[in-house]
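Spelled out, the chains give:
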Amino acid sequence: MSRHLRMLLALLGAIVLLPAVSVPAASSRPYAGVTVNVLTFTGPQIAEPLQRRGPAFTRLTGAKINVVTVPFSDLYQKILTDMVTGTNSFHAFVFAPQWMVDYVTPGYLEDITNRVKADSKLRWNDISPFFRDFSASFAGRTYTIPLDGDFQMVYYRSDQLQRAGLRPPETWDDYLKVAQALHRKDLNGDGRPDFGSCIAKKRNAQSYWMVWSVAADFLQSRGTSQGSFFDLDNFKPLTNNEAFAEALRIYVETGKYGPPDELNWDVGDSRAGFTSGRCALSIDWGDIGTLAIDPKTSKVKNKVGAVILPGTRRVLDRATGKLVDCTSANCPYAMNGVNHAPFAAFGGWSGGINKAAPARVKDAAYAFLSYMSQPAQANVDVTIGITGFNPYRVSQFKNMSLWVKAGMSSGAAKNYLGAIEASLNSPNMVLDIRIPQNQKYQQVVLDTAIAKLLAKETNIQQAMKEITDGWEAITNELGRDKQLQAYRSTLGVKR
Amino acid sequence: MLTDRNLRGTGSPNGPVPRLRLRLALAGWIDRQAKSLFLLPAVLLLVFLSIFPLILSVYLSLVRFQLVPGGFRFIFVGLANYRKLIVGIEREHFLGLLADPGPLIWALGGVIATVLLVFIIRGAARGTPAISGTAGRVVFALVAGTLAWLTIRTLTSGGRPGTLITTMIYVFVGITVQYWIGLTLAYLTSQRLPGRRFFRVIFLLPMMITPVAIAYTFRIIADLGKGPFAPAWRLLGLSEVSWVNYPWGARIVVMMGDIWQWTPFMFIVLLAALEAQPLELLEAAVVDGASRWQTFWRVTWPQILPVTSTLILIRMIEAFKIIDLPNVLTNGGPGTATESLTLHAFIAWRTLDIGGSAAVAYSLLFLVTFTALSYINLVHRRLAGAV
């Protein structure tokens, strides 16, 4: 054969054989060529672990993960308008599970019940039953994968409280006393006076849960199914009575012992303030506990204690609207005569999938969210403060070595996990609202009214009226019976 | 085009035959329509991009957005969104908290009512275009009177201004200060002072900077515990103060940012106007022994009045739309103290209250149109026509 013909045959052979050689590699990267657009909020929390683990996921499966972020105040409507208008530029979302109600009703979120059942790597049953129920399911079907578990707690500087001979606050009056005692003292040795209490109070951010952490224990005392937001019979808001007024009075007073620009402090600022040693007390989700051991930014490593949300010795009597003393009848779950109501604020960031995404992209998106939640990844991420992910799996609570390895002393780990577990196991735990348009009730009406109260534009009576009237207006627009039914079903109240 | 030469020999002594007349007429008509035809694409584009959204927004302001199984729908609610703003749940947010009228407020109200009444009567007596003129004046008096009454009742103690009044404060105070500072700087730069070319450039710079950067800068400056002046404030013992945590402090900081940003606009236009003055008039004034102030007041000021009037009109229409500074500086806070009308509409839109957002936006449209038309008819015509 001529030399040219031989070369041509060799080339043809190579071309034919090449795909056969590369096929084995392709089957181990099932989503090669797929790009998944994930929408979440700016963070850096929540977005950080998604961005950090994206490349590893790409190496495993071939799918490219593209994380897009928007400010928290824009997230709800960005997700909704993307799906409602049919733009569908995002395939997966990491968002507040409360909003699931508004996304599932029109049929925009993918039902992942069967995928989850078939997914053994996810270790679904390792996830705490509460988060499986509240953060992932709606009307008996599963729509999201929990990535984070949420409870608000009070953090305190254990070293400063010890030095001053104070005990961790048990009631909100204790909280104010501790804040007052440590306000204007130098808490981090830099010569400048620091603050007794730092709470994120910025409007249009994530502050509207802090106020409910203070109020919930005044409003709910007979167990989770009593609910803390609305009356169970007529759906009237519980925001116009002596108890709520007292809660607001306390909340406003914390400002006396805080930084001068506390009204502009978002959670990033309050966390940074606490971990840089400038604050004696704070209210936050689990983040401060893990941020306190971050070697790069924390000045308070192993000087931080966490405690279940303080309570009250006087609670609301719903029949009269007055504050009454706690007795075994109206406060069956009181500890030391104090009614605690740990608030499962927000529910925990969870990942959902856009139903209108192409099938292969949905598969890839599910695989990514599952990957993020699997213990191999999740159990590391919940120990890192900057991720914004807090413990939600049983294995994360039981396995002390995870936390010690991350840098917490075993004492601090026991204290931190103990506070979360106490909240999780409390029979009087408060559920966040999951009724239609809950975002409007909280992020619009409540947030604005509290912002105005803190800015001294209104007084407590005016603020209470504003919240109550605003909530009633939304309820009347949407239908009182419908909202009441939805509220009862989320509380598990069957009447 | 058919000329006489072409027509020679084509018809009767009375002119071209009927068929030719038709062709002539048609050709003439096409010629006349040619102008409109060439403009048509641009006009269609304009209609599509501005008029169509305007009409759609009116529809949106009359509906409520609701999510339903399967998607969403718009429920027609008539004027409910507007009613909410003026008498309903959004009243305090939009108009503000009205203080109970005490004797001082009644007195001020009486003065305003008298002035407006005199205004109407004098206009009617002057006999300028009879009915339409008087009707216009009555409408003006009613709207201006209502706005003035609202302003008095919300700004006195016990009241709190809503987004409507806050926006008006931003516009009127802002423009006044911007104009006078701009005029001063322009006047100084138009003199033969050393370094005036350098300062001409420096004074222009703020207008080139993005509003977001300006908002952050002023926020840092206003926070006395941080920023470049913090050590000085600490010495004075004021480092625990933050302007933006008080309603009026925050409003003042927003206005400061706005003034800093837009004074260059006034400056550059007024500078051009000042330099366009004929030198002979100024020299004549000096020769006649006029002082500097007299020269300015008697010679320069009347000459720059038409420019001033136009400048203020342009800037005023733009100033009503302020959103970037209050949004970035304070998020509309503290509370809703610095929220402008556009920011109010934006926040409502962001919570998917589309009807409410459109209603606020249309209220802004009415306000701007009213103010601009009143300004043109009452002030601009007189000042611009003065020279």
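Conventions and cut-offs
Residues numbered from 1 in each chain as written. Chains lettered and ligands numbered in written order. Predicted model: local features only at pLDDT ≥ 70, side-chain atom pairs only at ≥ 80, totals over all residues. Contact = placed C-beta atoms within 7 Å. Helix = DSSP H or I, 4+ residues; strand = E, 2+ residues; numbered from the N terminus. Pairing = 2+ DSSP bridges. Axes fitted to C-alpha atoms, helices over the stretch in contact; angles between N-to-C directions. Buried ≥ 20, exposed ≤ 12 C-beta atoms within 10 Å, placed from the backbone. Expected span 1.5 Å × (residues − 1).

(A) Just the interface of chain A and chain B, in detail. At the interface, 26 residues of chain A touch 26 residues of chain B. For the side of chain A that touches chain B, the elements supplying multiple residues, two or more each, are helix H3 (72–84), helix H18 (438–454) and helix H19 (460–478) of chain A. At six residues, H18(A) tops the list of elements feeding residues into the side of chain A that touches chain B.

(B) Summary view of the sheet that holds strand S1 (residues 35–41) of chain A. All names here are of chain A. The five strands are arranged S2-S1-S3-S14-S6 in an open sheet whose pairing can be described as mixed. Looking at strand neighbours, the two that pair on one side only are strand S2 (64–70) and strand S6 (144–146), the edges of this open sheet. Strand after strand, the sheet turns through a mean of 25° between neighbouring axes, direction not considered. Bridge analysis of S1 against S2 gives seven bridges, and the strand direction is parallel. Bridging from a neighbouring strand, Val-38 pairs with Val-67 of S2. Helix-sheet contacts for helix H2 (residues 47–61) involve S1, S2 and strand S3 (92–95), and the interaxial angle to S2 is about 170°.

(C) Quick peek at unusual backbone geometry. All names here are of chain A. Cis rather than trans, the peptide bond between Gly-43 and Pro-44 has omega equal to 20°. Following the sequence through the fold, Pro-44 ends up in the loop between S1 and H2. The backbone of Ala-139 sits at a positive phi, close to 50°, despite the residue not being glycine. Along the chain, the position of Ala-139 falls in the loop between strand S4 (137–138) and strand S5 (141–142). Backbone geometry at Asn-336 places phi at a positive 60°, although glycine is not the residue there. In this fold, Asn-336 is placed in the loop between strand S12 (322–325) and strand S13 (343–344).

(D) The pairing of strand S2 (residues 71–76) of chain B, seen in detail. Residue and element names in this part refer to chain B. Little of S2 sits out of view: just zero of its six residues are buried. In this structure, strand S1 (residues 63–68) lies alongside S2, joined through six bridges in antiparallel fashion. Its bridge partner being in S2, Phe-65 is matched across the sheet by Phe-74. As consecutive antiparallel partners, S1 and S2 are separated by two residues, and within that stretch Gly-70 has a phi angle of approximately 105°, a positive value.

(E) Structural context of the sheet that holds strand S10 (residues 304–308) of chain A. Residues and elements named next belong to chain A. Across the sheet, which stays open at both edges, the four strands sit in the order S8-S9-S7-S10 with mixed pairing between neighbours. Two strands in the sheet have a free side with no partner beyond their single neighbour: strand S8 (195–198) and S10. Averaged over all adjacent pairs, the angle separating strand axes in this sheet is 20°, with direction ignored. With five bridges joining them, strand S7 (residues 153–157) and S10 adopt antiparallel strand pairing. Looking at S10, one finds that Tyr-155 is bridged to Ala-306. Across the face of the sheet, helix H8 (residues 172–182) comes into contact with S7, S8 and strand S9 (279–284) while running at roughly 145° to S9. On top of the sheet, helix H17 (residues 410–424) reaches S7 and S10; it is set at about 20° to S10, its chief contact.

(F) Molecular detail of the pairing of S12(A). All names here are of chain A. Two strands pair when backbone bridges link them, and strand S11 (residues 314–317) and S12 are joined in this way by four bridges, in the antiparallel orientation. For Val-315, the partnering residue across the bridge sits in S12 and is Val-324. Hairpin geometry of S11 and S12 is characterised by an intervening segment of four residues between the two adjacent antiparallel strands and by a positive phi of about 75° at Gly-321.

(G) Structural view of the environment of Leu270(B). All names here are of chain B. Along the chain, Leu-270 turns up in helix H11 (residues 247–275). Sequence-wise, Leu-270 and Val-299 are 29 residues apart; in three dimensions their C-alpha atoms are separated by 15 Å. Ignoring sequence-local partners within four residues, the contact set of Leu-270 consists of Gly-182, Leu-183, Ala-186, Ile-304 and Val-307.

(H) Highlighting helix H9 (residues 208–219) of chain A. All names here are of chain A. Its twelve residues place the ends of H9 16 Å apart at the C-alpha level, agreeing with the 16 Å of an ideal helix rising 1.5 Å per residue. Most of H9 sits out of view: twelve of its twelve residues are buried. Among all positions in H9, only Tyr-208, Trp-209, Met-210, Val-211, Trp-212, Ser-213, Val-214, Ala-215, Ala-216, Asp-217, Phe-218 and Leu-219 are buried.

Any functional reading would require information beyond the geometric quantities listed.
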